[in-house]
Amino acid sequence: MSDRAVLHVKGRVLVGPDEVRDELWVVDGRTTYERPSGARDIRTVAGWAVPGLVDAHCHVGLDTHGPVDEATSEKQALADRDAGTLLLRDAGSPSDTRWMDARDDLPKIIRAGRHIARTRRYIRNFAHEIEPGDLVAFVAQEAGRGDGWVKLVGDWIDREAGDLTACWPRGEVEAAIAEAHRLGARVTAHCFAEVALRDLVEAGIDCVEHATGLTDDLIPLFAGRGVAIVPTLVNIATFPDLAAGAETKFPGWSAHMRRLHERRYDTVRNAYDAGIPVFVGTDAGGSLAHGLVADEVAELVKAGIPPVEALSATAWGARAWLGRPGLEEGAPADLVVLDGDPRVDVRMLAAPRRIVLNGRVVG
């Protein structure tokens, strides 16, 4: 033990929202609450420690034009890491980022494979674009490529209708979700509008991204089935600009997007009040920069979610939902040290004092 470097984190360690310890130790990259005997090379960090933050909806290896090279993917991952975001759920990417798994200085990634979208009904170069008859096969394919998740595009603008419409018939959705579950994968779906939600939830979907179309009549269905939402409010903030850009060509779609934006905070608060699980996601990697988790947590608070619950949505709760440990004994030492108590003021997340990844201080 005397030859090993040891990190000592002291102050207030938020093992859970109500479980606070005075210190933890990092030995061989792992968390322990027992002081190591005989250690001489000890580095000490003081402050308020929380588990490494989670962005439950981002896209590494993707920008507005489609897949990017490895250097750009690395910059995206580093931007997340430097913001204290140490666990990413990649909600669809055309790039192969498996090479990152060998890098202990980059965030851990849980992948959902590549988006699965209807032909000519999504952003060019992002997704597998297919017809309903191929949905089950492509879900099985992406279940094998992902890390326990598959991502569908549930709705998108239909140019003939001039508005958002559902992308998949009910029968194909049921069969595809059943196949994913048979293969041990959970399914999530991009949904802005109201129209696709009931079919997706009744078909057994596990999560809905954005969920701006969640209405009062659908909330009990989501709550009763335990379907989570990831609101991505920092992305929803772009809706007015999107609407303005399409006003002339698609006035119905533009008006719809404005309505979804206007009620966004009520939608999230009503979902939370009903017991629907809500998690933090930024939608970084398309048009948004990486590293925006603190902004998204602040948006959840603005929507009316209590600060400690908004914090849990990117910390303890999010990690449990994704099946990854926090600051338990023996867990990988992925943590963020802050200047104050983020349960009281989530703005503390915006300026980490220290970032520890796999037991190493990386920022």
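Anyway, here's the lowdown on the structure attached to this text. (Residues numbered from 1 in each chain as written. Predicted model: local features only at pLDDT ≥ 70, side-chain atom pairs only at ≥ 80, totals over all residues. Heavy atoms only, no water.)

## Things to note about empty space enclosed by the protein
Part 1: The final tally for this structure, using the stated rule, is two cavities of 30 Å³ or more.
Part 2: Computed from the structure, the largest cavity encloses a volume of approximately 60 Å³.
Part 3: As for the largest cavity, its lining consists of Gly154, Ala166, Cys167, Trp168, Val173, Ala196, Asp199 and Leu200.
Part 4: A class-by-class count of the residues in the lining of the largest cavity yields six nonpolar, one polar and one charged.
Part 5: Approximately 30 Å³ is the volume attributed to the second largest cavity. (1 Å grid on protein atoms, 1.4 Å probe; cavity = no way out; pocket = protein on both sides within 12 Å on 5 of 7 lines; lining within 4 Å. Points joined across faces, edges and corners; volume = space filled by probe spheres on them. Nonpolar A, V, L, I, M, F, W, Y, C, P; charged D, E, K, R; others polar.)

## Considerations on a positive patch on the surface
Part 1: Residues Arg120, Arg124, Arg159 and Lys249 make up a contiguous surface patch of positive charge.
Part 2: The topology assignment puts Arg124 in the loop between β10 (116-118) and β11 (128-130).
Part 3: The class of Arg124 is exposed, set by a relative accessible area of 69%. (Patch = residues over 30% accessible without salt bridge, like charges linked within 9 Å, V, L, I, M, F, W, Y side chains within 5 Å. Areas by Shrake-Rupley, 256 points an atom, 1.4 Å probe, with all protein chains shown as cover. Salt bridge = Lys/Arg side-chain N within 4 Å of Asp/Glu carboxyl O. Lys, Arg positive; Asp, Glu negative; His and termini not counted. Charge placed at Lys NZ, Arg CZ, Asp CG, Glu CD. Helix = DSSP H or I, 4+ residues; strand = E, 2+ residues; numbered from the N terminus. Buried < 20%, exposed > 50% of the residue type's maximum accessible area, 1.4 Å probe, protein only.)

## Some words on the sheet that holds strand β8 (residues 85-90)
Part 1: The parallel open sheet is built from three strands, whose spatial order is β5-β8-β9. Two strands bound the open sheet, and with one partner strand each, they are β5 (53-58) and β9 (108-111). Taking the axes of each pair of neighbouring strands and ignoring which way they run, one obtains an average angle of 20° across the sheet. (Pairing = 2+ DSSP bridges. Axes fitted to C-alpha atoms, helices over the stretch in contact; angles between N-to-C directions.)

## So, the pairing of β5
Part 1: A large share of β5 lies buried, amounting to six of its six residues.
Part 2: Across four bridges, β5 lies against β8 in parallel orientation. The partner of Val54 across the bridge, within β8, is Leu87.

## Digging into the pattern of salt bridges
Part 1: By the definition in use, this model includes 26 salt bridges.
Part 2: As a salt-bridge pair, Glu174 and Arg170 come within 2.7 Å of each other at their nearest N and O atoms. A residue pair is termed a helical-turn pair when its members lie 3 or 4 positions apart in one helix, as Glu174 and Arg170 do in helix α3 (residues 170-182) at four residues.
Part 3: By relative accessible area, which is 28% here, Arg170 ends up partly exposed.
Part 4: A single network of salt bridges, built from pairs that share partners, joins Arg170, Glu174, Arg198, Asp199, Glu202 and Asp217.

## Quick word on the packing of helix α2 (residues 135-145) against α3
Part 1: Where α2 contacts α3, the axes come no closer than 9 Å and their chain directions differ by 25°. Between α2 and α3, the angle falls in the class roughly parallel. For the element pair α2 and α3, the recorded crossing hand is right-handed. Between α2, through Leu135, Val136, Val139 and Ala140, and α3, the contact on the second element is made entirely by Glu172, Val173, Ala175, Ala176, Glu179 and Ala180.
Part 2: Residues of the contact of α2 with α3, tallied by class, amount to eight nonpolar, no polar and two charged. (Parallel < 35°, antiparallel > 145°, perpendicular 65-115°, else oblique. Left-handed = near helix turned anticlockwise from the far one by under 90°. Contact = heavy atoms within 4.5 Å.)

## Let's talk about the side chain of Asn235
Part 1: Mapped onto the elements of the fold, Asn235 is located in helix α6 (residues 233-236).
Part 2: At 3.0 Å, the side chain of Asn235 and the side chain of Asp283 are in polar contact.
Part 3: Apart from residues no more than four positions distant in its own chain, Asn235 is found in contact with Phe192, His210, Thr282, Asp283 and Leu288. (Polar contact = N/O pair within 3.5 Å; in protein donor to acceptor, adjacent residues only side chain to side chain.)

## Quick notes on helix α10 (residues 293-303)
Part 1: The set of residues buried in α10 consists of Val293, Ala294, Glu296, Val297, Glu299, Leu300 and Ala303.
Part 2: Taken from the residues just after α10, Gly304 is the one with a positive phi, measuring 115°.

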